[in-house]
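Chain and residue survey
Letter by letter, the chains look like this.
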Amino acid sequence: MSDLIEHIRALQGPILITGGGGFVGANLFHTILAQRSDVYAVVQNGRNWRLEGAPDANIVTANLNDAAAQKHLVEQLGPRTVFDCVAYGAYSFEQDPRLIYATNFESIVSLTTLLADRPLAAFVHAGSSSEYGTNSAGPVEEDRCDPNSHYAVSKVACAEYLRYMGKERRFPCTNLRLYSVYGPLEDGSRLIPNLLRKALSGTLPPFVDARTSRDFVHVDDVCRAFIYAAAKMNPDLYGESLNIGSGKCTTIGELAVLTRDLFGVSEEARFGSMEARAWDLADWYSNPSKAENLLGWRADISLAEGLKAMGKWVETLSEEDLAQLSKRSTNKRRRSVSAIIACYKDEPAIPVMYQRLKETFRRLGVDHEIIFVNDCSPDDSALVIREITAKDPNVIGISHSRNFGSQMAFRSGMELASKDAVVLLDGDLQDPPELIEDFYHKWEEGFDVVYGRRIQREMPWHWGLLYKAFYRVFAAFSYVSIPLDAGDFSLIDRKVVQWLLSCPERDLFMRGLRAYVGFRQTGVDYVRPERMFGRTTNTFTKNIDWAKKGIFSFSNVPLTMLTTAGLTLLGISIVAAIVVAAMRLIWPDVAPRGATTLLISILMFGSLNLFGIGLVGEYIGKILIEVKGRPRLIRAALIRHGVVTDQAAKPGRH
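Structural notes, computed from the coordinates. (Residues numbered from 1 in each chain as written. Predicted model: local features only at pLDDT ≥ 70, side-chain atom pairs only at ≥ 80, totals over all residues. Heavy atoms only, no water.)

So, the overall build of the chain
Going by this rule: Going along the chain from the N terminus, every DSSP run of H or I of four or more residues is numbered as a helix, and every run of E of two or more is numbered as a strand. Per-residue accessibility, obtained with a 1.4 Å probe over protein chains only, is compared with the maximum for each type, and a residue is labelled buried under 20%, exposed over 50%, and partly exposed between these values. In this analysis, two residues are considered to be in contact whenever any of their non-hydrogen atoms come within 4.5 Å of each other.
Counting secondary structure elements, the chain contains 22 helices and 20 strands. The buried share of the chain, taken over its 654 residues, is 51%. Partitioning the contacts of the chain with sequence separation of at least 6, the portion at a separation of at least 24 is 80%.

What to know about the nonpolar core
To keep things clear, this is the line we draw: Only buried residues count toward a nonpolar core, which is a set of Ala, Val, Leu, Ile, Met, Phe, Trp, Tyr and Cys residues joined through side-chain atoms within 4.5 Å.
Counting 62 residues, the largest nonpolar core has Leu28, Ile32, Phe83, Leu178, Phe226 and Ile244 as its most contacted members. It is helix H7 (residues 219–231) that contributes the most residues to this core, 9 residues altogether. With sequence-adjacent residues up to four places away left out, Leu178 is seen in contact with Val24, Ala126, Gly127, Ser128, Ser129, Val222, Phe226 and Ile244. Phe372, Val423, Leu429 and Leu491 belong to the second-largest nonpolar core, a separate cluster that totals 34 residues.

Here we look at the pattern of salt bridges
Put simply, the test is: Here a salt bridge means any side-chain nitrogen of Lys or Arg lying within 4 Å of a carboxyl oxygen belonging to Asp or Glu.
Tallying each qualifying case throughout the model produces 21 salt bridges. Note that Asp38 is salt-bridged to Arg36, the shortest N-O span being 2.7 Å. Relative accessible area serves as the criterion here: at 16%, Arg36 is assigned to the buried category. The salt bridge partner of Arg411 is Glu415, with a shortest N-O separation of 3.1 Å. Placement of the pair is Arg411 and Glu415 together in helix H15 (residues 406–416), with a separation of 4 residues, close to one helical turn. Taking the relative accessible area as the measure of exposure, Arg411 reaches 6% and is therefore buried. On the accessibility criterion, Glu415 (7% relative accessible area) is buried.

Details of the sheet that holds strand E5 (residues 122–128)
Selection rule: Only when DSSP finds a minimum of two bridges between them are two strands counted as paired. What counts as an axis is a line fitted to C-alpha atoms, over the stretch in contact for a helix, and the angles between N-to-C directions run from 0 to 180 degrees.
Pairing within the open sheet is parallel, and its 7 strands lie in the order E3-E2-E1-E4-E5-E6-E10. The open sheet is flanked by strand E3 (59–61) and strand E10 (240–244), the only strands paired with a single partner. The sheet shows a mean angle of 20° between the axes of neighbouring strands, direction not considered. The sheet contact formed by strand E1 (residues 15–18) and strand E4 (residues 81–84) spans 4 bridges and is parallel. Bridge pairing links Ile17 to Phe83 in E4. The sheet strands contacting helix H4 (residues 97–116) are E1, E4 and E5, and the helix crosses E5 at an angle near 170°.

Considerations on the pairing of strand E17 (residues 486–493)
Counting buried positions along E17 yields 8 of 8 residues, so the element is predominantly enclosed. Sheet topology note: the strand E15 (residues 421–426)/E17 ladder contains 4 bridges and is antiparallel. In the sheet register, Val422 faces E17, and the bridge partner there is Ile492.

Let's talk about empty space enclosed by the protein
For the record, the criterion: Cavities and pockets are defined on a 1 Å grid built over the protein atoms alone: a cavity is a set of grid points where a 1.4 Å probe fits but cannot escape, while a pocket is an open set with protein on both sides within 12 Å along at least five of seven lines, and lining residues are those with an atom within 4 Å of any such point. Grid points are joined across faces, edges and corners, and a volume is the space filled by probe spheres set on the points. When residues are grouped by polarity, Ala, Val, Leu, Ile, Met, Phe, Trp, Tyr, Cys and Pro land in nonpolar, Asp, Glu, Lys and Arg in charged, and all others, Gly among them, in polar.
Applying the stated criterion across every chain yields a total of 1 cavity of 30 Å³ or more. Of the pockets and cavities examined, the largest cavity occupies roughly 70 Å³. For the largest cavity, the lining is made up of 13 residues, of which Thr61, Ala62, Ala69, His72 and Leu416 are closest to its centre. Listed by contribution, the elements that provide at least two residues to the lining of the largest cavity are E3, helix H3 (67–77) and H15. By residue number, the principal contributor to the lining of the largest cavity is H3, which donates 4 residues. Here the residues of the lining of the largest cavity are counted per class, giving 6 nonpolar, 5 polar and 2 charged.

Overview of the packing of helix H6 (residues 191–200) against helix H8 (residues 252–262)
When two helices pack together, their arrangement is captured by the angle between the axes and the distance separating the axes. So the rule is basically this: Crossing chirality is assigned from the near helix's rotation relative to the far helix, an anticlockwise turn below a right angle marking it left-handed and a clockwise turn marking it right-handed.
Two elements in contact, H6 and H8, have axes separated by 10 Å at closest approach and are oriented at 35°. For the pair H6 and H8, the sense of crossing is right-handed. Here Leu191, Ile192, Leu195, Leu196 and Ala199 of H6 come into contact with H8, specifically with Ile252, Leu255 and Thr259.

Focus on the side chain of Thr522
With respect to the helices and strands, the residue Thr522 is situated in strand E18 (residues 521–528). The exposure class assigned to Thr522 is buried, which follows from its relative accessible area of 16%. In this view, Thr522 contacts Lys442, Phe447, Val449, Val450 and Tyr451; residues no more than four positions away in its chain are not counted.

Below you can see the structure in the form of structure tokens.
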């Protein structure tokens, strides 16, 4: 134990454990957290049962299949040691090939690319023995892999990629091929937890084939292998794959007999019709000699010791508890939502918004997070947000270095959002949070985008008329189908968010971009109330700017109209010139005379030229904004758990 503690203390921090809510990741996290505080468990949908009792500050929520979320995670924490325990596809009900490769391979390529430019000490990846196939007896790491599933193929691909990164690019990485890991916090649907639960109740379950074999290795031994690999990382380990197993073959029948003996199950207990058959046909086990040579590691916990220790954990659980502590059960959870609120001069509205959002999410019964984006508001919005985050770990605050506008505030929150969908709201409470319930139900019906449609506004009639006129002109001009009277208030599915974040423009018009990316969309009607506190920050001039932003971002009609007008006037000019010339020749006294006609013609064509130059200038101005390539936004601070983290010293391209 003292040797393990020394290795934990030798790790270079901060330490990041991706997949920290999984079986191996959670055990590794708790093992390291017991000795040091600079370790962070990365989870996709908030803490789960495996992370109960861990400090909120050490739990980081991020979707690692999202490149923007990965980038922010690396910039925020600056990890020196990374344990990658993310995996998808190891369970029979995880059958989406796209998600398997995105999670097990593509996300690793993206993450290591980000880390390669930083002072990283070690990257240790959780591989799988399934890379070898199902008929591999005691393979060494150099043996040919024989993957037989999408999951196994993805793991082989990752192992080969890490080999390239380590050997050719000198990236400090190692791949650990894990065999049948068991121990506390194991998924309740797995073999050993159910076997032990039955044994503790005095029975044993039947087995389809007692001759099936496994190389069982205790999770504590596996955690020690991860820690040794990171602490001893050196060029000899770069890109290597190491077998992490006991090196012993155990059939299911032998496991059942051992369990029966350890827990005093009656000799008469039936555990399957295969008990009397020969077990010497099974020979699936590891060859961990390379791990012993390079790491000084070998499995120290015998199967009997491990089962006894695990039995103490299983003893605290009923069969119903085991059924609930399963990934299959958590996959059936209600989908989660991130609420993103753009705040500017909304100090008194923020607490009200928070309470109404919490009540809405409570009625829905969904996992959620609330992200307040303080767009450099001149009031005390940042202080109010900080006080809320200190009380509620589900609330995150962002402060911008200057006012970038509501569109960039939404993007800033979307880059950090970790849930299955985002809801965009203005902080002045003109977007009623209670409407999220209707949005959610439409989302559950299969729509990817659900937007609020303002059928009426509580404002002077002439302003309402102008807004309606704008949306109709915008829809008529735009080259994409724009829903009428739909603002930014909307629920957007995660896959749509990823496409929105991949759009590179800096002069954002979110509602137009939302229509541009497509997917299944629908609207929910509502009456937009007046601002609850203070006075609106919108003026006639700002509304004109909004109209220009939308039209020039999603329409070429102004240029087409200009071309059409030019051609029309050119045609009229040619006809007029011919008519005047003919009149001069045929009826000299009738032909127009004097400067008036000439002056009107000059003014008409001159005005048209100036108007044309102005239109072209608007488009050139937008091009200029894009080609400068300046950061879209700058975060001055991130607020979690009442703690303000300075972000200004961590520049990144947003």
